[in-house]
Amino acid sequence: MRVAYVLITHLRAKVELQRQPHLGDRPVVIADHLSGRPLVVDHSPACSGVTPGTPLEEAFSHNAGTVVLEADEPSYRRVFHRVLIALQGVSDRVESADLGLACVRLDGLERLYGGENGTLHALLSALPVYLRPRIGAGHAKFPAFVAARTSDRPGVTHVPPDTAAFLAPHSIDLLPVDAEVRSRMHRFGLHVMGDVAAMRSELLIDQFGVAGKRAWELSRGVDHDPVVPLPYEEAVVEHTALPFASVSAEWLLTAVDTLLNRAFAHPRMQGRYAGRVTLECVLERAAPWERTVNFKQPVGNPEQAAVLVRRQFESELPTAPVEETALTLSRITGEAGTQAGLFRDVQRDRNLRLLDAERQIQARIGGSHALYRVVDVAPWHPAPEMRAAQVPIDPSGKDGMKPLSMPVPVTVQEGVNHEPVAVLLGDRWHALSGIEDRWLFDLWWMPQPVSRAYYQVSRREGGSLVLFRDRADSSWYRQAS
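Residues numbered from 1 in each chain as written. Predicted model: local features only at pLDDT ≥ 70, side-chain atom pairs only at ≥ 80, totals over all residues. Heavy atoms only, no water.

The next point concerns the overall build of the protein chain. Counting its regular elements, the protein chain contains 14 helices and 21 strands. The principal-axis extent of the C-alpha atoms belonging to the protein chain is close to 95 × 65 × 45 Å. Within the protein chain, contacts between residues at least 6 apart in sequence are counted, and of these 57% link residues at least 24 apart. Approximately 24400 Å² of the protein chain is accessible, and the part contributed by carbon and sulfur atoms is 52%. (Helix = DSSP H or I, 4+ residues; strand = E, 2+ residues; numbered from the N terminus. Contact = heavy atoms within 4.5 Å. Areas by Shrake-Rupley, 256 points an atom, 1.4 Å probe, with all protein chains shown as cover.)

Laid out in structure tokens, this is it:
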């Protein structure tokens, strides 16, 4: 039996740091207050001298300036549930061992993915990069778990052919036996698995009973535990990050449209229908937001699904800025709920013709996207780059939405009252002959305030351009038109 153990260390902390990236370099502990005395359940890499179960006051004593976050277990379980669904997209034999820990059978998938290494690469690729998963691969569950658990980097670690020699130097604290049994083993001088494997099995059985025999077998690499698969729920999961954290309904709904197009373009959805769509949003400094739409009749294309999903979501959108979105198609069936219409869908025919043209152009220019559609997402916004987004015509790629009119950093020579008098474009300074217009805005109430002073200026050699000064850090930008 070939097995892969997928381990996501510090899953809780990674989820929280993904929500609040500004905390990345600070010591962060996640605490659970439900048991009475607040205890640490996870911590960030910057937090030293702390382990799960440490009292909160002790964590403060080890790390100055510790940030404490309340544990959001439902959110962590939702993230891990998406991980399990993603792994089931690679193998139908996935067992959930614990939060952040899953076991996957590899046998029989070699032809599908081009060998075991191809299968392991598919498992890694199925998971979000920020989770930095570790995978141990071996002939049994326990050695594969130890390979993942003792690896010091993300990626795949293979158990070598001599499994017992591989396990020998590792601590008995990795053995899945009661803590009291492990404590007694330490008192007997059995500190690593090599010590246990060198003992006579009957001596361990006399002293520790069934747990002693189990520890002896595992320390020698003998593990006959089968992988017990989770019930298989076929689903297609797509996720994307918004270019900006935004409360704009149109930004979010455009992201939903993009994810629906991607999901229905997935090979598993060809000629098939979905009965449910679930949308999950990571919000800026707020609890995650989740909604589910159950279709009365299964739908088989993104346009039809988008109409139903928009109708459901438009009245109950999240109130905090959205940073990321994940969309799941589930209740997948091979049958439609209704007969095909008698009349052609003109809009869908037009989209298919555009897609065909896009793929022909891709074939000629080397595979990169060539055609995009432009969507007005917040035309009222004072910052031009927030007003519209470009979305690839071809949903099979992983490119997300991209903002238009992004500002470009420039060097500006300032005069009186910080007004621009010259600008460096390329390697040449251009003197400015005058300011044609000026305006400013200050979005001080946003989680990340935006305050800019704009100048439409003319150059002495002719032509005009728009510059702005970021009043928060005094940096200058050229605003694309």
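Time to look at the layout of surface pockets. It is the rolling of a water-molecule-sized probe over the atoms that shows where space remains empty. Of the voids in this model, the second largest pocket is the one considered here, and its volume is about 890 Å³. Secondary structure elements with two or more residues in the lining of the second largest pocket: helix H1 (11-19), helix H3 (73-88), helix H5 (116-125), strand E9 (236-246), strand E10 (273-283) and strand E12 (322-333). Here the lining of the second largest pocket gets seven residues from one element, more than from any other, and that element is H3. Classifying every residue of the lining of the second largest pocket gives 23 nonpolar, eight polar and nine charged. (1 Å grid on protein atoms, 1.4 Å probe; cavity = no way out; pocket = protein on both sides within 12 Å on 5 of 7 lines; lining within 4 Å. Points joined across faces, edges and corners; volume = space filled by probe spheres on them. Nonpolar A, V, L, I, M, F, W, Y, C, P; charged D, E, K, R; others polar.)

Attention now moves to the packing of aromatic side chains. In total, this model carries nine aromatic pairs according to the counting rule given. Geometrically, the ring pair formed by Tyr455 and Trp476 is tilted, given 5.8 Å between the ring centres and 35 degrees between the ring planes. On the criterion of sequence distance, the pair formed by Tyr455 in strand E19 (residues 450-459) and Trp476 in strand E21 (residues 476-478) is long-range, its members being 21 residues apart. Taken individually, Tyr455 and Trp476 each receive the classification buried, so the pair is uniform in this respect. Here the aromatic residues Trp439, Phe441, Tyr454, Phe468 and Tyr477 are joined through ring pairs into a cluster of three or more. (Phe/Tyr/Trp six-rings, centres within 6.5 Å; stacked < 30°, edge-to-face > 60°. Buried < 20%, exposed > 50% of the residue type's maximum accessible area, 1.4 Å probe, protein only.)

Read across the sheet, three strands follow the order E3-E2-E4 without closing on themselves; strand pairing throughout is mixed. Here the strands that pair on one side only, and so sit at the sheet edges, are strand E3 (39-43) and strand E4 (67-70). The mean angle between the axes of side-by-side strands here comes to 40 degrees, regardless of whether they run parallel or antiparallel. Pairing of strand E2 (residues 28-32) with E4 involves four bridges; the strand directions are parallel. Bridging from a neighbouring strand, Ala31 pairs with Glu70 of E4. (Pairing = 2+ DSSP bridges. Axes fitted to C-alpha atoms, helices over the stretch in contact; angles between N-to-C directions.)

With that out of the way, let us pick up the pattern of salt bridges. In total, this model carries 22 salt bridges according to the counting rule given. A salt bridge links Asp223 to Arg214; the nearest nitrogen and oxygen atoms lie 3.6 Å apart. Overall, Asp223 belongs to the buried group, its relative accessible area being 9%. The partly exposed category is assigned to Arg214, whose relative accessible area is 24%. (Salt bridge = Lys/Arg side-chain N within 4 Å of Asp/Glu carboxyl O.)

Here we take up the packing of helix H10 (residues 201-208) against helix H11 (residues 210-219). Direction vectors running N to C along H10 and H11 enclose 145 degrees, while the axes themselves pass 6 Å from each other. For the element pair H10 and H11, the recorded crossing hand is right-handed. Packed against H10, whose contacting residues are Ser201, Leu204, Ile205 and Phe208, the element H11 presents Val210, Ala211, Gly212, Lys213 and Trp216 at the interface. For the contact of H10 with H11, the residue count by class is six nonpolar, two polar and one charged. (Left-handed = near helix turned anticlockwise from the far one by under 90°.)

H1 sits mainly inside the fold: seven of its nine residues count as buried. Buried residues in H1 make contact with E2, E3, E4, H3, E10 and E12.

Here we come to the confidence of the model for the protein chain. Confidence along the protein chain averages 86 in pLDDT terms, with 91% of residues attaining 70 or more. Per-residue pLDDT stays below 50 along residues 338-344; that stretch engages in two contacts with residues further than four places along the chain or on separate chains. (pLDDT = per-residue confidence, 0-100.)

Further remarks concern unusual backbone geometry. Positioned with a positive phi, His418 is a non-glycine residue whose angle comes to about 65 degrees. Summarising the element assignment, His418 is placed in the loop between strand E16 (408-414) and strand E17 (420-425). Among the residues examined, His418 registers a relative accessible area of 39% and is labelled partly exposed. Its identity is not glycine, yet Ser474 carries a phi of approximately 65 degrees, on the positive side. Along the chain, the position of Ser474 falls in the loop between strand E20 (464-470) and E21.

Moving on, we come to the sheet that holds strand E6 (residues 101-105). Spatially, the five strands line up as an open sheet ordered E5-E6-E1-E7-E8, and their pairing is mixed. Each end of this open sheet is capped by a strand with a single partner; those strands are strand E5 (94-98) and strand E8 (155-158). Averaged over neighbouring strand pairs, the angle between their axes works out to 20 degrees when direction is ignored. By the bridge criterion, five bridges tie strand E1 (residues 3-7) to E6 in an arrangement that is antiparallel. The residue of E6 that forms the bridge with Tyr5 is Cys103. In this fold H3 packs onto E1, E5 and E6, with an angle of close to 155 degrees to the strand it touches most, E5.

This brings us to the packing of H1 against H3. At their nearest, the axes of H1 and H3 sit 10 Å apart, and the two run at 95 degrees to each other. Classified by the angle their axes make, H1 and H3 are roughly perpendicular. Here H1 contributes Leu11, Arg12, Val15, Glu16 and Arg19 to the contact with H3, which in turn contributes Glu73, Ser75, Tyr76, Val79 and Phe80. When the residues that make up the contact of H1 with H3 are grouped by side-chain class, the tally is five nonpolar, one polar and four charged. (Parallel < 35°, antiparallel > 145°, perpendicular 65-115°, else oblique.)

The next subject is the pairing of E1. Successive side chains on a regular strand alternate, one facing one side of the sheet and the next facing the other. In terms of burial, E1 is a largely internal element, five of the five residues being buried. Because side chains alternate across E1, one face comprises the buried residues Val3, Tyr5 and Leu7, and the other comprises Ala4 and Val6, equally buried. As paired elements, E1 and strand E7 (residues 134-138) share five bridges and run antiparallel to each other. For Val3, the partnering residue across the bridge sits in E7 and is Gly138.

With respect to the helices, strands and loops of the structure, Ser219 is situated in helix H11. Classification of Ser219 by relative accessible area gives buried; the value is 0%. Side-chain polar atoms of Ser219 contact the backbone oxygen of Ala215, separated by 2.8 Å. With near-sequence residues (within four places) excluded, Ser219 lies in contact with Ala164, Leu167, Leu175, Met193, Val196 and Ala197. (Polar contact = N/O pair within 3.5 Å; in protein donor to acceptor, adjacent residues only side chain to side chain.)

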